[in-house]
Amino acid sequence: MWSIIREAFDKTLLVAKAYGILHITNSYLCTVALAYGPSMIPTINLTGDLILAERISPRLRKVGVGDIVIVRSPVVPSRVVTKRVVGMEGDRVTYLLDPHNSDEVRSTVVPRGHVWIQGDNIYNSKDSRDFGPVPYALVEAKLLWRVWPPKDFGPMQHIAR
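Residues numbered from 1 in each chain as written. Predicted model: local features only at pLDDT ≥ 70, side-chain atom pairs only at ≥ 80, totals over all residues. Heavy atoms only, no water.

A.B. asks: Is there a simple way to think about the pairing of strand β9 (residues 139–148) in this case?
C.D. replies: Sheet faces and side chains relate simply in a regular strand, where the side chains alternate between the two faces. For strand β2 (residues 49–54) and β9, the ladder comprises five bridges, and the chain directions are antiparallel. Within the sheet, the bridge partner assigned to Leu52 lies in β9 and is Trp145. By the bridge criterion, three bridges tie strand β3 (residues 68–72) to β9 in an arrangement that is antiparallel. When the bridges of β9 are listed, Val69 appears paired with Lys142. Relative to strand β10 (residues 154–155), β9 runs antiparallel, the two being bridged by two bridges. Counterpart to Arg146 in the pairing with β10 is Gly154. Hairpin connection of β9 to β10: five residues between the antiparallel strands. (Pairing = 2+ DSSP bridges. Helix = DSSP H or I, 4+ residues; strand = E, 2+ residues; numbered from the N terminus.)

A.B. asks: How should I be thinking about unusual backbone geometry in this particular structure?
C.D. replies: Working note: non-glycine residues mostly have negative phi, and peptide bonds are mostly trans. For the bond from Ile41 to Pro42, the omega torsion is 10 degrees, close enough to zero to count as cis. Its place among the elements puts Pro42 in the loop between β1 (30–35) and β2. Residue Pro149 is bonded to the preceding Trp148 through a cis peptide linkage, with omega at 10 degrees. Considering the arrangement of structural elements, one finds Pro149 in the loop between β9 and β10. Positive phi outside glycine occurs at Arg61, with the angle close to 60 degrees. By secondary structure assignment, the location of Arg61 is in the loop between α2 (56–59) and β3. Residue Arg61 is classed as partly exposed on the basis of its relative accessible area, which comes to 48%. (Buried < 20%, exposed > 50% of the residue type's maximum accessible area, 1.4 Å probe, protein only.)

A.B. asks: What's the story with the UniProt feature "domain: Peptidase S26" (unreviewed entry) in the protein in this structure? I'm lost.
C.D. replies: In the numbering adopted here, UniProt assigns the feature "domain: Peptidase S26" (unreviewed entry) to residues 15–95 and 107–148. Structurally, residues 15–95 is divided into 23% helix and 37% strand, and its ends, taken at the C-alpha atoms, are 51 Å apart. (UniProt positions renumbered as here; feature names shortened; annotations may be inferred.)

A.B. asks: What should I look at first to understand a nonpolar patch on the surface in this one?
C.D. replies: Together, Val32, Leu34, Tyr36, Leu50, Leu144, Trp145, Val147, Trp148 and Phe153 give the surface a local cluster of nonpolar side chains, amounting to about 930 Å² of exposed area. Following the sequence through the fold, Leu50 ends up in strand β2. Using a relative accessible area of 32% as the deciding quantity, one classes Leu50 as partly exposed. (Patch = residues over 30% accessible without salt bridge, like charges linked within 9 Å, V, L, I, M, F, W, Y side chains within 5 Å. Areas by Shrake-Rupley, 256 points an atom, 1.4 Å probe, with all protein chains shown as cover. Salt bridge = Lys/Arg side-chain N within 4 Å of Asp/Glu carboxyl O.)

A.B. asks: Got a minute to help me understand the pattern of salt bridges in this structure?
C.D. replies: Side-chain pairs of opposite charge can arise where the charged atoms are in close proximity. If you walk through the whole model with that rule in mind, you get eight salt bridges. The salt bridge partner of Lys142 is Asp67, with a shortest N-O separation of 3.8 Å. Of this pair, Lys142 sits in strand β9 while Asp67 sits in the loop between α2 and β3; the two residues are 75 residues apart in sequence, bridging distant segments of the chain. Using a relative accessible area of 11% as the deciding quantity, one classes Asp67 as buried. Of the charged contacts in the structure, one is a salt bridge between Arg129 and Asp127, with a shortest N-O distance of 2.9 Å. Here the two residues Arg129 and Asp127 agree in accessibility, since each one is buried.

Pasting the structure below:
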């Protein structure tokens, strides 16, 4: 009887350790994310790409212009968005105000502790052009590797702008 209880306890402990390791890995080291939607076309497919993203760079403040990041939405905090970093604190960013209807541009300086993010598809992206600079603390991960679809398997494209 006690051997059955001991064996059940040992297996439960093993499962708890596995979940603990998985939680720490997913929360602090790296995560797998599904990135989809029109805002990052052509870099990310409309129907979605499975992406490996690492969470260490944002904590060490090693995210830079051209990196694709996962950001907690400043408008809808329950959502995360995938965008490209276009400007870091102190950078002057020039952007099209309304790319659909005019060629009017604006310039702004990214304030301290913030980043400027934009989708690669400026015609269909809600980004810093709409809600302004994003606090750096909302940057959750940096995209590293596209896992799916298999034809696009490989490192994520870094574009310095």
